[in-house]
Amino acid sequence: MKFGLISLAVLGLLCASAQSDSSSSFKNGLLPRSPTLGGILNREGRAASPERVGALRQRRMQYDFTEETPEERHVRLDRADAIRRGFAHAWDGYKQYAYGADEIDVVNKVPKTTRNGWGATLVDALDTLWIMGMEDEFWKARDFVAKLDFGKDGGQLTKVFETNIRYIGGLLSAYELSNDKVFLQKAVELTDVIMPAFNTPLGLPWQMLNVTTGVGSSETPGKTSTNLAEIGTFQMEFYRLSQHTKNSTYHEAAQNVITVMLNKNKVNDPSSNYSIPGMYPMDIDMVSGKFTSRAAYWGGGGDSFYEYLAKTWILSDFMLERNIDMWSESIQSLKRYGVAESTSGHLFPGFVDGTKFYPYADTFTNFIPGTLGLISKIVGSDSYFELAENLLEAGYSVFDRMPSSLGAEAIKFVRKNVPSDYLLMKSSSQSMVDQYGFSLERPYYLLRPELIESLFYMYRLTGKTIYADRVWKIWQGIQRNCRVPGGYVGTANVAVDDSASGTMDIINSTESFFFAETFLYLYLTFADQSVISLDEWVFTTEAHPLSRKYVFDGTF
């Protein structure tokens, strides 16, 4: 099988310069004076062109909602208020039984230490509190944050990736929303605590870190293995930290990961498992920098790596040319090799092992339509926006066909004209395919946000109320199946509607992302559309909005 690099023009990137005069956007020194920062040059050694960057900076993505009728506005704001009340219910339980703890055990009404005891739920939810107008709670949380001691680890190793997206991202967003420097100070302090994780032969970060000793390790004891998402999801937070501190160390550490990965793995190199351009295998060895499997996947283990290629490019004022160069290649390969039509007529992403496709999708893949739709709007690519819409229809079908209105953690599907997919299934899985169009491989719902996230994006990008209505239907499913005294929990089987059965089959798990992501995307779908506009903010993978107001000239 022969592969080739397709030009960025395929995604419409170059057409931007023809649509706008860049002179009003460019100031003296806007292009890098010395393009040496990681990611500034694409893989062919070129920086972004002034004309294209100028045009992109003027482009607007979010739909103009000025023609909304009074009736539509009334319904929308009523829904926003209902979701805010739901958040208040969850927050009240956390505040009463677990304030300052990482999580709440909702059923037993006790605190849980899962993220070093630094208050993961509180820090992760800072921006949600601010955006929902719960300012008294926000400032109370601010006083808690000011006293955090990151030298105490709660008796746990630190998960470096999670610490970045939940804590550091949350602190940065709180700073940019409130302008209170305590949050920035704490973000820098915590980042410096985890930086020893990057002290490895190639600069690839350990998955785990003992913050009291600075010693890193793999999540699997005695191994040097890690995965694509866990090494590649520092770019947004570290880029913004470098902007605020004028210290390039953070940005360079995040970009070095990509440099190493590219230098150590070449397509069809016999010593590497890399076979499809832009479809990066998930598993990587930290010592050699080589991919240790051929399995490429845009779901769990790979998802946020691809997400950050695209979003860090936006956050950098469209200057990190390598990021969009790699995203362009990756999305083209995903379209060609990483999706397949199911017998139900839906286009699902799947698992690619070398050049073999497996019809399996977890709920994490539901981030793809939102991020792809966002980038497609920016670059003016109708064909890739259509791909985003098709992937969203598939993801939503997994929720829509369930009595609970909630989606399974993972499914398998049968490809059109590939009967062996069905024949190799267990009879129970075949029965589910016959009934739903897919089988429930992991039938539970853990309050995850990814589909809601993409529906939110599509609503803000198109103005089509069908996407908002779908978010509302999911919210109603959460209310019926996950709300309990003191908060919300997971549901064990999405094929059963607990309100109809009269028995709640729950999973007692309420992670911080429910407060940070799920509730935020739910609320923003129905809040005034000027609140956290897509033209002014970029969301991290943990839904922490970072401002686009900071102009980048290629230097810190």
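Basis of the calculations
Residues numbered from 1 in each chain as written. Predicted model: local features only at pLDDT ≥ 70, side-chain atom pairs only at ≥ 80, totals over all residues. Heavy atoms only, no water. Helix = DSSP H or I, 4+ residues; strand = E, 2+ residues; numbered from the N terminus. Rg over C-alpha atoms; globule rule 2.2 N^0.38 Å. Buried < 20%, exposed > 50% of the residue type's maximum accessible area, 1.4 Å probe, protein only. Salt bridge = Lys/Arg side-chain N within 4 Å of Asp/Glu carboxyl O. Phe/Tyr/Trp six-rings, centres within 6.5 Å; stacked < 30°, edge-to-face > 60°. Contact = heavy atoms within 4.5 Å. Axes fitted to C-alpha atoms, helices over the stretch in contact; angles between N-to-C directions. Parallel < 35°, antiparallel > 145°, perpendicular 65-115°, else oblique. Left-handed = near helix turned anticlockwise from the far one by under 90°. Pairing = 2+ DSSP bridges. Arc of directions from axis to C-beta. UniProt positions renumbered as here; feature names shortened; annotations may be inferred.

A. Geometry of the overall build of the chain. Helix and strand counts for the chain come out as 20 helices and 21 strands. Radius of gyration (C-alpha) of the chain: 23 Å, near the 24 Å computed for a compact globule of 556 residues. In terms of principal-axis extent, the alpha carbons of the chain reach across some 65 × 60 × 60 Å. Of all 556 residues assigned to the chain, the portion counted as buried reaches 63%.

B. Local environment of the pattern of salt bridges. Here the structure, examined in full by the defined rule, presents 30 salt bridges. Two residues, arginine 76 and aspartate 528, come together in a salt bridge whose shortest N-O distance is 3.3 Å. Taken together, the positions of arginine 76 in helix α2 (residues 70–98) and aspartate 528 in the loop between α20 (513–526) and β20 (537–539) put the pair 452 residues apart, joining distant regions of the chain. Among the residues examined, aspartate 528 registers a relative accessible area of 31% and is labelled partly exposed.

C. Molecular detail of the packing of aromatic side chains. Scanning the entire structure with this criterion turns up 54 aromatic pairs. Measuring from centroid to centroid gives 5.8 Å for phenylalanine 198 and phenylalanine 238, while their planes differ by 45°, and the two rings are tilted. You can see phenylalanine 198 sitting in the loop between α7 (181–194) and β4 (208–210) and its partner phenylalanine 238 sitting in helix α9 (residues 235–245), a full 40 residues away along the chain. Of the two residues, phenylalanine 198 and phenylalanine 238, both sit in the buried class. On the basis of an interplanar angle of 80° and a centroid distance of 6.2 Å, the ring pair of phenylalanine 399 and tyrosine 445 is categorised as edge-to-face. Separated by 46 residues along the polypeptide, phenylalanine 399 in helix α14 (residues 382–400) and tyrosine 445 in the loop between β15 (439–442) and α17 (450–462) bring together distant segments of the chain. Tyrosine 445 carries the same exposure label as phenylalanine 399, and that label is buried. Connected via pairs of aromatic rings, a cluster forms that spans Phe87, Trp91, Tyr94, Tyr99, Phe144, Trp475, Tyr488, Phe514, Phe515 and Phe519.

D. A look at the side chain of serine 429. As for its position among the elements, serine 429 is in helix α16 (residues 427–436). We classify serine 429 as buried; its relative accessible area is 6%. Setting aside anything within four residues of it in sequence, one finds serine 429 in contact with Ser439 and Glu441.

E. Examining the packing of α7 against α9 more closely. Their axes nearest at 11 Å, the elements α7 and α9 cross at an angle of 120°. When the axis of α7 is compared with that of α9, the two are oblique. The element α7 and its partner α9 pack so that their crossing is left-handed. Seen from α7, the contacting residues are Leu184, Ala187, Val188, Thr191 and Ile194; seen from α9, they are Phe238, Leu241, His244 and Thr245.

F. A look at the sheet that holds β15. Across the sheet, which stays open at both edges, the 3 strands sit in the order β13-β14-β15 with antiparallel pairing between neighbours. The outermost strands of the open sheet, each flanked by one partner alone, are β13 (360–362) and β15. Strand-to-strand twist across the sheet, computed as the mean angle between neighbouring axes with direction ignored, equals 30°. Examined bridge by bridge, β13 and strand β14 (residues 410–412) share 3 bridges and lie antiparallel to one another. Paired with alanine 361 across the bridge in β14 is isoleucine 411.

G. Looking closely at α16. Along α16, the residues classified as buried are Ser429, Gln430, Met432, Val433 and Tyr436. One side of α16 holds all its buried residues, which, seen down the axis, span an arc of 160°. Across α16 from its buried face, at more than 90 degrees, point the exposed residues Ser427, Asp434 and Gln435. Contacts made by the buried residues of α16 are with α15 (420–423) and β15. Once α16 finishes, glycine 437 follows within two positions and takes phi at roughly 100°, a positive value.

H. Broad picture of the UniProt feature "binding site: Ca(2+)" (unreviewed entry) in the chain. Under the local residue numbering, the UniProt record ascribes the feature "binding site: Ca(2+)" (unreviewed entry) to Thr541. Here threonine 541 shows up in the loop between β20 and β21 (545–547). The exposure class of threonine 541 is buried, given its relative accessible area of 14%. Setting aside anything within four residues of it in sequence, one finds threonine 541 in contact with Ile165, Thr233, Ser304, Glu307, Tyr308 and Glu517.

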